[in-house]
Amino acid sequence: MLTTTSDPIALDQQHVLQVYKRAPIVFESGKGCALFTRSGERYLDLISGVGVAALGHAHPGLARAIADQASTLLHTSNLFHHPLQAELATRLSSLTGLPRAFFCNSGAEAVEACLKFARRFWYTQGTPRAGLVAFEHSFHGRTMGAVSVTWDPHYREPFQPLVPGVTFVSPNDAAAIAAAITDATAAVIVEPIQGEGGVRPIPRAAAEAITAACRRTGALLIADEVQCGLGRTGHPLYAPVLGLAPDLMALGKALGAGVPIGAAMFSDRVAAAARPGDHGSTYGGNLLACRAALTFLDELDGGLLAHVGRAGAHLERGLRAMAARLPAIRDVRGAGLMWGLDLDRPAAAVVDAARERRLLVNRTSDTVIRLLPPYVITEREIDEALPLLEAAIAAAVEAPRQ
Ligand SMILES: Cc1ncc(COP(=O)(O)O)c(C=O)c1O
């Protein structure tokens, strides 16, 4: 292991752009659902690097695959073919039902590619459309296009002017959805379960309104499955659970299980609009990232998806029982291993109280505790985590409000 003697927190404060509110803690190693500090303190990780470390930390099969790939070939760029990118595209095509992939390095880039090719589709038709419909509480990433369809103004305002033509609509208002999607709409973009916005599944009535309006107007549908997709909910993807049939899809986070990779998936008719030179990425879909993603998909198919379903049901039972005991929990939302506990107060104090108990959870949307544990979490680890979380919530509730 590479270790340094200097103080990483002090150096971060001097030399790293201060855009993160990091907890004052330094992790140096991990194993499964545990993270360890330099002095060997063990923390139970229920956030997995914001939904990324799906196979847990230091997964032996992933480590072997990465090491093998590193000693074979890491990167050639997209000037040439290599054997792993096409294989990964084929696997993702059968998983998503969308036959073509573009590879990039993050969720935001996958969203960006979806937005660009939605526009490209209409341009190629000879009837350009610029309008985009997105949802209240959405989060799609930080690049200019992705942040333009992200709802919370604090992500957008300092960076204006953004991509024009975006309409935000409430997912709880089917009539407003029907009215917002028009013949000028290039695409509708939706997270089937909104993650950053507070773990909010899109209501079925909204999904039906989206489907009907897209059919009526021809508007394309982009599903952002970056956080809720790829097995996180116990389903391969969550759009089909809601009856949504997207033309484009953004994937990321769990796909590389810790190695950065994103993918945008396209239907044939959208993909047919693409021309060489339209888009690209130097790193996108390199051998290392594709090898990691193929290893992740092998695990998912090899029983991990079913495990997420079982472990998720166990976690849900525990969370609902906890909510019945603690009136401070207003709502329990999610599916599989993606859960939000909506509190009647700001959730930051609970995150701190959990960390004091060596449990890692995260706050989103001010009042929501978000859980995105590694897919490999066991029922025993869930049983270890739940009392710690309950004690953390109870402690935060007992503390005087700030
Ligand atoms: C639904 C969704 N889309 C896109 C993104 C952006 O992904 P990245 O941070 O990898 O750019 C995120 C990140 O949290 C996300 O949750």
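The structure we're discussing is the one just above.
Residues numbered from 1 in each chain as written. Predicted model: local features only at pLDDT ≥ 70, side-chain atom pairs only at ≥ 80, totals over all residues. Heavy atoms only, no water.

Caption draft 1: Structural detail: the side chain of Ser267. By secondary structure assignment, the location of Ser267 is in the loop between β12 (262–266) and α10 (268–271). Residue classification places Ser267 among the buried residues on the basis of a relative accessible area of 12%. Setting aside anything within four residues of it in sequence, one finds Ser267 in contact with Leu98, Pro99 and Asp247. (Helix = DSSP H or I, 4+ residues; strand = E, 2+ residues; numbered from the N terminus. Buried < 20%, exposed > 50% of the residue type's maximum accessible area, 1.4 Å probe, protein only. Contact = heavy atoms within 4.5 Å.)

Caption draft 2: Structural detail: the site of the ligand. Neighbouring residues of the ligand: Ser106, Gly107, Ala108, Phe139, His140, Gly141, Glu191, Glu196, Asp224, Val226, Gln227 and Lys253. Separating an oxygen atom of the ligand from a side-chain N or O atom of Gln227 is a distance of 2.8 Å. Between the ligand and Lys253, the relevant distance is 3.0 Å, taken from an oxygen atom to a side-chain nitrogen or oxygen of the residue. Taking 390 Å² as the accessible area of the ligand by itself, protein coverage stands at 83%. Grouping the amino acids of the shell around the ligand by side-chain chemistry returns three nonpolar, five polar and four charged. (Near = heavy atom within 4 Å. Polar contact = N/O pair within 3.5 Å; in protein donor to acceptor, adjacent residues only side chain to side chain. Areas by Shrake-Rupley, 256 points an atom, 1.4 Å probe, with all protein chains shown as cover. Nonpolar A, V, L, I, M, F, W, Y, C, P; charged D, E, K, R; others polar.)

Caption draft 3: Broad picture of the nonpolar core. One finds Leu92, Phe296, Leu319, Ile369 and Leu389 to be the most contacted residues of the largest nonpolar core, which totals 96 residues. Ranked by the residues each element gives to this core, the list is headed by helix α11 (residues 287–325), at 16 residues. Once you skip the residues sitting within four places of it in the chain, Leu389 turns out to touch Leu319, Met322, Leu341, Val350, Leu359, Val361, Ile369 and Leu371. The next biggest cluster of nonpolar side chains, apart from the first, holds 28 residues, and it includes Ala113, Ala134, Ala186 and Ala187. (Core = buried A, V, L, I, M, F, W, Y, C linked by side-chain atoms within 4.5 Å.)

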